[in-house]
Amino acid sequence: MNADVPWPADTQEAWARVLRMQTKLHQWATTDPGRRFDDVFNLVYDPGFLVAAWSRVAGNKGGRTAGVDGIAPRSVPPEKVHGMLAELRESVKHGEFVPERVRQKSIPKANGKVRKLGIPTMTDRIVQASLKLVLEPIFEADFQPSSYGFRPRRRAQDAIAEIHYYASRGYVQVFEADITACFDEIDHDALMQRVRARVVDKRVLRLVRGFLRAGVLSEDGVNRDTFTGTPQGGILSPLLANIALSVVDEHFQRKWDMLGPQWSRTKHQRAGGATMKLVRYADDFVVLVRGTREDAEALWDETATVLAPMGLRLSVEKTTVTHIDTGFDFLGWRIQRRRIRGHGGKTAIYTYPSRKSLASIRDKVRTLTRRASHRTLADLLRRLNPALRGWCAYFQHGVVKRVFTVIDHFAFWRIVGWLKKRHPKLNMRTLVRRHLPRWQIRAEGIEFFRAWQVPVTRYRYRGTRIPNPWASVTA
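Computed from a predicted structure; not experimentally measured.

Undergrad: Can you break down the overall build of the protein chain residue by residue, with the values?
TA: A count of helical and extended segments in the protein chain gives 17 helices and 13 strands. Radius of gyration (C-alpha) of the protein chain: 25 Å, near the 23 Å computed for a compact globule of 475 residues. C-alpha atoms of the protein chain, sized along the principal axes, occupy 75 × 70 × 50 Å. Considering the protein chain as a whole, with its 475 residues, one finds that 49% of them fall into the buried category. Contacts in the protein chain between residues at least 24 apart in sequence constitute 71% of all its contacts with a sequence separation of at least 6. Total accessible area on the protein chain stands at roughly 24000 Å², and carbon and sulfur atoms take up 50% of it. One finds the centroid of the 80 positive side-chain charges in the protein chain at a distance of 12 Å from the centroid of its 47 negative side-chain charges.

Below you can see the structure in the form of C-alpha cells.
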C-alpha cells in the first residue's frame, strides 16, 4: 500500500481499505507458511489504518478512561481528531514515537485477589490498535483451531461446544490447567522470537518491544520497569498472549496429527493408547483425554515442559485432573456427565451456569436494586435489563430453562422490594395498582426484561469450519 494515500473520507471508507489490505496479508501468510514479512511498517501509520484504529479506541469501553497522559479518547472533540491523527502519523512515520508507561489499575476478583490492568495513553492505544490490525491477519494464518479466546469470529460458546462434542465421544478424563500470572510472566525474548518467525520488519519489531518494555505507573505513584509480561488492558496484549500461548496449541495439534485420520486414532485407542484434545480460551485451557487417569496425570510434566521456554508455569493449586462425571467449571459453565431423567440410565453431557456465575448475577441484581441506587424505576430498568439480557444471551445455549426462571423470579421480587422501600407508606394492594398493573413492571416505556422468556437453543458445533473475516473477502 502506498504510504502517501489520502486520508479516508469517513470511517466506513477507512475500514474498507483496511479490510482489503488485511485480506491480502492473510492470503500471503496462508499460501506461504514460511513467509516472513519485511515491509509492513508503512501500514501502521497508513491514514486508513489510523482512522480505523481511532474508531476502535474511541468506541470501546476503555474510551472513557485516561492513561498517564490524563486524556480519555472520548473527551477529544470530533473537530480535533484529524489534526491529532495527522500529528501522530508523522511521529510514527519518522521514528519519533515512543510508548509511554501504562497506568496500573487494580480490579478485585471474585476469589479475593486482584487483577492488575494496564491503561495505556490515548496515542499508545491508537498505535497499538493499528499495529494489531496489521499483525492479526498474519498470525491468524498460523493459529490452531483449538484456540478461541480474543480471536475474530470466535467465542466462548465455540469452546464449550467443542468440549461437549469430544466429552460425548469418550474423552472423559479432564486435565484442567491454570497458568500462574500468565500476562505478567511471559518472557519477552521468547515472545519476540515467535513474532520474528513471521515479521522481520525491524521498525515493527521495535514498536512491539517498545510496548512490552514501556513500564507501569503503579497506583502508589511509583514507576516500575517491565522485563516480563504484557499488561492486561492494552489492545495489543491479547494478540501477543495468543502468540505466546500458541506453543501449547501447536504441541497438542502435533500429537493429534501424528495419529493420522479417524480410523488410525480408533486403532490406537483399541490398542490401549490415549488420544488428547486441547481446548483453549486465552490463558484458560483444558485437555480432554480419551484414556486413563494416569494418561491425564502425565500431562503435568508434559505441559510444564512446553510452557517453560515462554517463562510460564502451571499453578499447583488450581491445575487438577478430574473425570467428566465429577464435572468441572470452565468459562463460567459447569460441564458434567449426568443421567437423563426417564431414559433408563442413559447419560449425556450437561452444560449449565456454574455456581460462581449464578452468584455473580445474583450479586449484580442485588447491587442494582438497592434502594439508593436509582432515583426512578425507569433508571433501575435501564441498568438492570442489559445485565440480565447479556447474562441470558451468554448461557442460553445450555441446560438453563429452569435457571432462567429462578433468576427471573429473583430479579422480579428484588424490584418489588425496591418499590416497597421507595414507597413505604403504600400497602401492597395500592403498590400493585399504581406501579405494578397486572403484575407487570414497566416505566417510561421500558419493560422489565423477563429471563424466563429467553428461548433456549442448542449451539451448533462449528469445529474447524469457523471462517475468519478475510477468508471470504476478495482482495
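Alright, that's what it looks like, and here's the rest.
Undergrad: I'd like to hear about the pairing of strand β3 (residues 173-178), residue by residue, with values.
TA: Burial analysis of β3 places six of its six residues in the buried class, which makes it a mostly covered element. Burial of β3 is two-sided: the residues Gln173, Phe175 and Ala177 facing one way and the residues Val174, Glu176 and Asp178 facing the other way are all buried. Bridge analysis of β3 against strand β7 (residues 284-290) gives six bridges, and the strand direction is antiparallel. Paired with phenylalanine 175 across the two strands is valine 287, which belongs to β7. Pairing of β3 with strand β8 (residues 320-323) involves four bridges; the strand directions are antiparallel. Across the sheet, residue glutamine 173 finds its bridge partner in β8, namely histidine 323.

Undergrad: Kindly report on helix α4 (residues 78-93), identifying the contributing residues and their values.
TA: Across its 16 residues, α4 extends 23 Å between first and last C-alpha, which sits within 8% of the 22 Å expected from 1.5 Å per residue. Inspection of α4 places Val81, Met84, Leu85, Leu88, Arg89, Ser91 and Val92 among the buried residues, and these make up the whole buried set. Here the buried residues of α4 occupy an arc of 160 degrees about the axis, which is enough to place them on one side. Relative to its buried face, α4 has exposed residues pointing more than 90 degrees away, namely Glu79, Lys80 and Glu87. Buried residues along α4 sit in contact with α2 (41-44), α3 (47-59) and α5 (122-140).

Undergrad: Quick one: what's the story with the nonpolar core, residue by residue and with numbers?
TA: Judged by nonpolar contacts, the single largest core of 79 residues is most densely connected at Trp54, Ile126, Leu131, Leu191 and Val287. Broken down by element, this core gets its largest block of residues, ten residues, from α5. Grouped together as the second largest cluster of nonpolar side chains are 56 residues, Tyr171, Ile335, Leu368 and Ile441 included.

Undergrad: Can you explain a positive patch on the surface? Please cite residues and give values.
TA: On the surface, a cluster of positive charge is contributed by Lys61, Arg64, Arg74, Lys364 and Arg383. Along the chain, arginine 74 falls in the loop between α3 and α4. For arginine 74, a relative accessible area of 38% corresponds to the partly exposed category.

Undergrad: If you had to explain the sheet that holds strand β4 (residues 216-217) to someone new, which residues and values would you point to?
TA: Taken in spatial order, the four strands make up an open sheet running β2-β1-β4-β5, and their pairing is mixed. Where the open sheet ends on each side, the last strands, each with one partner, are β2 (114-119) and β5 (223-224). Relative to β2, strand β1 (residues 102-108) runs antiparallel, the two being bridged by six bridges. Directly across from serine 106, in β2, lies its bridge partner lysine 116.

Undergrad: Explain the environment of tyrosine 459 to me, using residue names and the numbers behind them.
TA: Relative to the assigned elements, tyrosine 459 resides in the segment after β13 (446-447). In this structure the C-alpha to C-alpha distance between tyrosine 459 and glutamine 157, which are 302 residues apart in sequence, comes to 7.4 Å. When residues no more than four places from it in sequence are discounted, the contact partners of tyrosine 459 are Arg155, Gln157, Asp158, Ala161 and His397. Here aspartate 158 takes part through its side chain, which lies 2.9 Å from a polar atom of the side chain of tyrosine 459.

Undergrad: I'd like a rundown of the pattern of salt bridges, residues and numbers included.
TA: Applying the stated rule across the entire model yields 22 salt bridges. Across the salt bridge formed by glutamate 13 and arginine 17, the nearest N and O atoms sit 3.6 Å from each other. Within this pair, glutamate 13 and its partner arginine 17 are both found in helix α1 (residues 11-31), separated by four residues, close to a single helical turn. On the basis of relative accessible area, arginine 17 is assigned to the buried category, the value being 10%. Two residues, aspartate 142 and arginine 198, come together in a salt bridge whose shortest N-O distance is 2.7 Å. Of this pair, aspartate 142 sits in the loop between α5 and α6 (156-167) while arginine 198 sits in the loop between α8 (188-196) and α9 (202-212); the two residues are 56 residues apart in sequence, bridging distant segments of the chain. The exposure class assigned to arginine 198 is buried, which follows from its relative accessible area of 3%. Connected through shared salt-bridge partners, Glu13, Arg17 and Asp46 make up one network.

Undergrad: Tell me about a nonpolar patch on the surface, and name the residues and values.
TA: Residues Trp413, Met428 and Trp439 make up a contiguous nonpolar surface patch of about 290 Å² in total accessible area. Take methionine 428: it is sitting in helix α17 (residues 428-435).

Undergrad: Kindly report on unusual backbone geometry, identifying the contributing residues and their values.
TA: For residues that are not glycine, phi is negative in most cases, and the peptide bond is trans in most cases. Positive phi values are uncommon outside glycine, yet arginine 153 reaches one of about 65 degrees. Counting through the fold element by element, arginine 153 comes out in the loop between α5 and α6. The residue tryptophan 439 is not glycine, and still its phi comes out positive at about 60 degrees. Along the chain, the position of tryptophan 439 falls in the loop between α17 and β12 (442-443). The class of tryptophan 439 is partly exposed, set by a relative accessible area of 38%.

Cut-offs applied
Residues numbered from 1 in each chain as written. Predicted model: local features only at pLDDT ≥ 70, side-chain atom pairs only at ≥ 80, totals over all residues. Heavy atoms only, no water. Helix = DSSP H or I, 4+ residues; strand = E, 2+ residues; numbered from the N terminus. Rg over C-alpha atoms; globule rule 2.2 N^0.38 Å. Buried < 20%, exposed > 50% of the residue type's maximum accessible area, 1.4 Å probe, protein only. Contact = heavy atoms within 4.5 Å. Areas by Shrake-Rupley, 256 points an atom, 1.4 Å probe, with all protein chains shown as cover. Lys, Arg positive; Asp, Glu negative; His and termini not counted. Charge placed at Lys NZ, Arg CZ, Asp CG, Glu CD. Pairing = 2+ DSSP bridges. Expected span 1.5 Å × (residues − 1). Arc of directions from axis to C-beta. Core = buried A, V, L, I, M, F, W, Y, C linked by side-chain atoms within 4.5 Å. Patch = residues over 30% accessible without salt bridge, like charges linked within 9 Å, V, L, I, M, F, W, Y side chains within 5 Å. Salt bridge = Lys/Arg side-chain N within 4 Å of Asp/Glu carboxyl O. Polar contact = N/O pair within 3.5 Å; in protein donor to acceptor, adjacent residues only side chain to side chain.

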